[in-house]
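Okay, here's what each chain looks like letter by letter:
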Amino acid sequence: MIDIENELFNQIATKLRNKFNSISVYGEYIKSPAVFPAVFIEERGNNVYERTQDSGNIENHARLMYEVNVYSNKQTGKKSECKKIFEVIDNEFASMGFTRTLKEPIANLEDASIYRMVGRYTGVISTNKTIYRR
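Residues numbered from 1 in each chain as written. Predicted model: local features only at pLDDT ≥ 70, side-chain atom pairs only at ≥ 80, totals over all residues. Heavy atoms only, no water.

Engineer: Kindly report on the overall build of the chain, identifying the contributing residues and their values.
Structural biologist: Within the chain one finds 2 helices and 6 strands. Counting from the amino terminus, helix and strand elements in the chain follow one another as α-β-β-β-α-β-β-β. Along the three orthogonal principal directions, the C-alpha set of the chain runs to about 55 × 30 × 25 Å. Looking at the chain as a whole, 45% of its 134 residues are labelled buried. Counted over contacts in the chain with a minimum sequence separation of 6, partners at least 24 positions apart contribute 57%. Roughly 7900 Å² of accessible area belongs to the chain as shown, and the carbon and sulfur atoms make up 44% of that amount. Where the 19 positive side-chain charges of the chain centre and where its 17 negative ones centre are 9 Å apart. (Helix = DSSP H or I, 4+ residues; strand = E, 2+ residues; numbered from the N terminus. Buried < 20%, exposed > 50% of the residue type's maximum accessible area, 1.4 Å probe, protein only. Contact = heavy atoms within 4.5 Å. Areas by Shrake-Rupley, 256 points an atom, 1.4 Å probe, with all protein chains shown as cover. Lys, Arg positive; Asp, Glu negative; His and termini not counted. Charge placed at Lys NZ, Arg CZ, Asp CG, Glu CD.)

Spelled out as structure tokens, the structure:
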């Protein structure tokens, strides 16, 4: 299995922590983050790209999908803060070769005072970790 989740997470988390002093970045869902703003980056799909699978069922490429959730609990400007954070995330995914397939606000059912945006990124990756948009 081709797996780059840790490298991808570390690259994006480092960029976010350098840009936003008090940001929390997680690799899995946390019901109640201790610090806001908060970001969750999760690999939601890692499937064999069957078009390049060889006769020995060897995986040469994988189709990856990552989901990102950005949260802000600021009294004012929480939507703006989420958008600024998302811009950094979007630029990092694009620089790696991923395509954004979704970016939208979503109701935060746990606490309506917290603004939430969700995004999804896809790409096909080879065994040598080259990422292809198509």
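Moving on from the coordinates now.
Engineer: Explain the side chain of E92 residue by residue, including any values.
Structural biologist: As for its placement among the helices and strands, E92 is situated in helix 2 (residues 78-96). Owing to a relative accessible area of 10%, E92 belongs among the buried residues under this scheme.

Engineer: Any chance you could break down the pairing of strand 2 (residues 38-48) for me, citing the residues and the numbers?
Structural biologist: Bridge count between strand 1 (residues 24-26) and strand 2: 3 bridges; the pairing is parallel. Bridging across to strand 2, S24 finds its partner in A38. Across 10 bridges, the pairing between strand 2 and strand 3 (residues 61-72) is antiparallel. Residue pairing in the sheet places E43 in a bridge with Y66 of strand 3. (Pairing = 2+ DSSP bridges.)

Engineer: Talk me through the packing of aromatic side chains; I want residue IDs and the actual numbers.
Structural biologist: Taken as a whole and judged by the stated rule, the model has 7 aromatic pairs. Where Y29 meets F40, the ring centres are 5.7 Å apart and the plane angle is 45 degrees; that geometry is what we call tilted. Of the two residues, Y29 is situated in the loop between strand 1 and strand 2 and F40 in strand 2; the sequence distance between them amounts to 11 residues. Residue class for F40 comes out buried when judged on its relative accessible area of 2%. Grouping aromatic residues by their ring pairs yields a cluster made of Y26, Y29, F40 and Y71. A cation sits over an aromatic face here: K103 above F86, 5.6 Å from the ring centre. (Phe/Tyr/Trp six-rings, centres within 6.5 Å; stacked < 30°, edge-to-face > 60°. Lys NZ or Arg CZ within 6 Å of the ring centre and 35° of its normal.)

Engineer: An account of the nonpolar core is needed here, citing residue identities and associated values.
Structural biologist: Judged by nonpolar contacts, the single largest core of 30 residues is most densely connected at L8, L16, V39, I89, F93 and F98. Elements represented by at least two residues in this core include exactly helix 1 (5-19), strand 2, strand 3, helix 2 and strand 5 (115-126). Considering each element in turn, this core owes the most residues, 7 residues, to helix 2. Not counting residues up to four positions away in its chain, the partners in contact with L8 are I41, Y66, F93, M96 and F98. (Core = buried A, V, L, I, M, F, W, Y, C linked by side-chain atoms within 4.5 Å.)

Engineer: Describe unusual backbone geometry, with residues and values.
Structural biologist: Most peptide bonds take the trans form, and the phi angle of most residues other than glycine is negative. Between F36 and P37 the backbone carries a cis peptide bond, its omega angle lying at 0 degrees. In this structure, P37 sits in the loop between strand 1 and strand 2. A positive phi angle, near 70 degrees, is found at K129, a position not held by glycine. Considering the arrangement of structural elements, one finds K129 in the loop between strand 5 and strand 6 (131-132).

Engineer: Outline helix 2, listing residues and values.
Structural biologist: An α-helical segment advances 3.6 residues per turn. Residues three or four places apart therefore align on the same side. For helix 2, with 19 residues, the first-to-last C-alpha span of 27 Å sits near the 27 Å given by 1.5 Å per residue. Every buried residue of helix 2 is accounted for by E81, C82, I85, F86, V88, I89, D90, E92, F93 and M96. As for helix 2, its buried residues are in contact with helix 1, strand 2, strand 3, strand 4 (99-105), strand 5 and strand 6. Where helix 2 terminates, the next one or two residues include G97, which has phi positive at roughly 110 degrees. (Expected span 1.5 Å × (residues − 1).)

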